[in-house]
Amino acid sequence: MRRFNIASIPGRIITAIIAVVCLAGSYYAMTTGLSQLTEARQLERLPETPIGGLTTGPYVVAGDVTDQLGTLNTPYSKTKAVYYRYKLEEEYRDSDGDLRIRTLDSGARGGNFLLRDQTGSVTVAAGGNLGAAEWVLERTYRQQSGRRIYSEWALVPGHTARVIGQYDSNTSSISFAGLDDFSLPAMVSRNTLAADSGDRFFEAAIRISIATGLLALGVALLLPLVKIHRFWVYVLVMTFAVSGTLSVLGINKLRQEWSAIADLYETRYQQLDAASSEPLVLADVAALQQLIRQSTSGWLDRWMFRSVVQNRLPVPELDERTANMAQSIVASQPEGRYQHAWTSRGLAAASIIAALLLLWLSIRTVKFKRLIEAVPTSSTRGLSFGLSELKAMVDVDDDHPPLRDPLKNEKCVAFDYKVEEKHGSGKNAKWRVIEHRQESVPFWLEDSEGKVLVQPDGAKIEYPQYQSEREGDRRYTVRFLDTFVNVYCLGFAGLDRDRPDRLTIQKDEASPFLISGNEEEDIVLDRGARGFAGIALTLGLFLFATTALFAADGGFSPDNLILSALTVPFVLLIYTGILHYNDIVFLKNRVDRAAANIDTILQQRHDLWPNLENVVKASLTHEKQLLKAIAQLRNADPAEMNSSGQADKLIQFEKKVTNALQARIEGYPDLKNNEVIQTFMSIMAETENYLSLLRNSYTESAMIYNTRIQSFPDVILGKLFRFREAAQFGSEA
């Protein structure tokens, strides 16, 4: 299978579709999540009003279900009920033999019923539109007969139920219409408000975190489509898009929520004149006013309370008995708490672990993308020792002949061949690899200035060519890098093992090695899109963990929403710091490695001086100055040098002494033909070019490193973690 490339035309189309789907899904999940959050908070504010204290408007009432208005028989258990929902399911096995369940029949029936408490009774007008309310009931019947499963959820006389609806004093009934204006759900539930509001808090937190993750992913996928792959641009856009969206939508929804609860209070307060003689009505209004004030849990709530509703909550005058009744209603109000706190904490912990793993993978992807951007493109003639980047054409010759791919027998320099066999049938069909091999040979990269040899062993090759054939139950696939095609190459330029006077592109354990048939811009866009998408998913997981922890006890306030929004810039700031720190460490390691390579060569040359001194001492006794210089080089230990300036002086001194020695021994045939002398001269000549390449590599690495730690924002990390400047050759540290 071909590797999916986001930078290709099909990749762009698919990415655009995914991005639009993510943004649409984000909008839906965000709006529904904020609506659930509003409903849960409204449930916390509404008291359970005694039926005797009802006036016109929205209420939460609780009481026992009676059969005075008639009942229905459930279809399977024949239980008398005022409402039931049923489902008939059947077990079956699919084409793979797996056991599954499908629904054969389902439905719901119900009618009006009477709800009674100690203060009175009220008709719940549910029969006209059962679907207008949410029925939260436990399963009351389940029976399996053969492969069929019969289930019922019934509300029967004698059950205690809580109803959220609109009370009409003219008809003395509760209906489910007109609750949207007050941000309340129409509901008939056998649970307590604690369970219903708590579950809504958790579901709202989940939806909001999913919406945020989808928004981040959608933005991350859109940026590469318009060829934006700079990380700082991504950070700014993501911060404003995600944090801004959460903040703006959250505050707007909060304003609507407070306006709705103020409207609800005003609706009840206006009924006091008509029911001034009813203590329960006064107590209920007073309890609502107290609960609204108590629900201001954070600075954002308090600010919204002062700006929207504070002047709209006149307190009714209460006598002592009514005040006690109001206090009793408030005290009996259960707090909304999620019932599965440990589940929430477990999900949060799992999300954090997954986010950290994904963060590590994203850092690797973006780090590689930034490395491609940082390494300048070289020509074959201008190649220098160390990590290098080339754009050139693949070529072969008689010394380095091409391969033949196993499928089409076409010329290539590398291929990946796979033979797969189909096993099973239908949905259970799978392709299993029965043969897989990869081969490559050295080849030339040629540009207008020359050519350089590439040793592709250990390289990650993105093959530009792909062919596939199928014969019966077998599929043959080959991906290959053919000759005379332009490629992008990022790899280590080191000495050719066979010819030390030239460089080759080869595998190095400390450096990446990529050979790709794609353009550099496409590679950068592809890696950027993958990295950005990984970061977006990381943000989604961190947001999920944050909101799950906030909602673990059922409380998820607007302050929590803003704090969740701040997770985005916080995570991105940490991510940016990690990336820049890794960049500095990488550059510092390049400098240290170049210095270590120079030290290794100097040590090899230093080990030659004692033997050389013993050979020439007897013959060149009159050359006291030369012998003194040789003795000085023998005693100069490269391992004790602590600056490039000292190493540079040693190199220059070695070169001067070697030239002087070579001039002197021309008059001494015995010395000239001495094996030690010949070995010395050979090694000095072979390493001179290598040492020059290493010095250039060190100088370039030190210059890039010094520039980075002096530039913003790396200068902050440089001072914080005490990264020091690297000394250049020709100067003391």
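Above this text sits the structure in question.
As the structure is a prediction and not an experimental result, all values here were calculated from the model. (Residues numbered from 1 in each chain as written. Predicted model: local features only at pLDDT ≥ 70, side-chain atom pairs only at ≥ 80, totals over all residues. Heavy atoms only, no water.)

Chemist: When you look at the overall build of the protein in this model, what are you seeing that I'm missing?
Modeler: For the protein, the helix and strand inventory stands at 15 helices and 26 strands. Here the protein, with 733 residues, has 48% of them falling under the buried criterion. Within the protein, counting contacts between residues at least 6 apart in sequence, those at least 24 apart form 72% of the total. By element, 51% of the accessible surface of the protein is carried by carbon and sulfur atoms, the whole surface being about 35,200 Å². (Helix = DSSP H or I, 4+ residues; strand = E, 2+ residues; numbered from the N terminus. Buried < 20%, exposed > 50% of the residue type's maximum accessible area, 1.4 Å probe, protein only. Contact = heavy atoms within 4.5 Å. Areas by Shrake-Rupley, 256 points an atom, 1.4 Å probe, with all protein chains shown as cover.)

Chemist: Sorry, what's going on with the pairing of strand β23 (residues 474-482) here?
Modeler: Look at any regular strand and the pattern is simple: side chains alternate between the two faces of the sheet. Pairing analysis gives nine bridges linking strand β17 (residues 411-423) to β23, with the strands arranged antiparallel. What sits directly across from K418, in β23, is T477. With seven bridges connecting them, strand β22 (residues 465-471) and β23 associate as antiparallel partners. Note that in β23 the partner of Q467 across the bridge is V478. (Pairing = 2+ DSSP bridges.)

Chemist: Is there a simple way to explain the packing of helix α7 (residues 341-374) against helix α8 (residues 520-550) in this structure?
Modeler: Two packed helices can be described by the angle between their axes and the distance between those axes. Contact pair α7 / α8: the axes reach a minimum separation of 8 Å and the direction vectors enclose 160°. Viewed along their axes, α7 and α8 adopt a mutual orientation that is roughly antiparallel. Between α7 and α8 lies a crossing of left-handed hand. Partitioning the contact of α7 with α8 into residue classes produces 21 nonpolar, eight polar and six charged. (Axes fitted to C-alpha atoms, helices over the stretch in contact; angles between N-to-C directions. Parallel < 35°, antiparallel > 145°, perpendicular 65-115°, else oblique. Left-handed = near helix turned anticlockwise from the far one by under 90°. Nonpolar A, V, L, I, M, F, W, Y, C, P; charged D, E, K, R; others polar.)

Chemist: Quick question: what am I supposed to make of a nonpolar patch on the surface here?
Modeler: Nonpolar side chains collect at one region of the surface, where I9, I13, I17 and V21 lie side by side and expose about 420 Å² of accessible area between them. Tracing the sequence through the fold places V21 in helix α1 (residues 9-45). (Patch = residues over 30% accessible without salt bridge, like charges linked within 9 Å, V, L, I, M, F, W, Y side chains within 5 Å. Salt bridge = Lys/Arg side-chain N within 4 Å of Asp/Glu carboxyl O.)

Chemist: Any chance you could explain the packing of helix α3 (residues 231-269) against helix α4 (residues 279-294) here in plain terms?
Modeler: Where α3 meets α4, the closest approach of the two axes is 10 Å, and the angle between their N-to-C directions is 160°. Considered as vectors, α3 and α4 are oriented roughly antiparallel to each other. Handedness of the crossing formed by α3 with α4: left-handed. For the pair α3 and α4, the contacting residues are W258, I261, L264, Y265, R268 and Y269 in the first and D284, V285, L288, Q289 and I292 in the second. Residue classes in the contact of α3 with α4 are distributed as eight nonpolar, one polar and two charged.

Chemist: Sorry if this is basic, but what is going on with the side chain of R200 here?
Modeler: Assignment of secondary structure puts R200 in helix α2 (residues 193-225). One polar contact links R200 to E39, side chain to side chain, over a distance of 2.9 Å. (Polar contact = N/O pair within 3.5 Å; in protein donor to acceptor, adjacent residues only side chain to side chain.)

Chemist: Can you help me understand the environment of L280 in this one?
Modeler: Looking at where L280 falls in the secondary structure, it is placed in helix α4. Judged by its relative accessible area of 17%, L280 falls in the buried class. Taking the C-alpha atoms as reference points, L280 and I51, separated by 229 residues in sequence, lie 9.1 Å from one another. If sequence neighbours within four positions are ignored, L280 has contacts with P50, G52, G53, T119 and M325.

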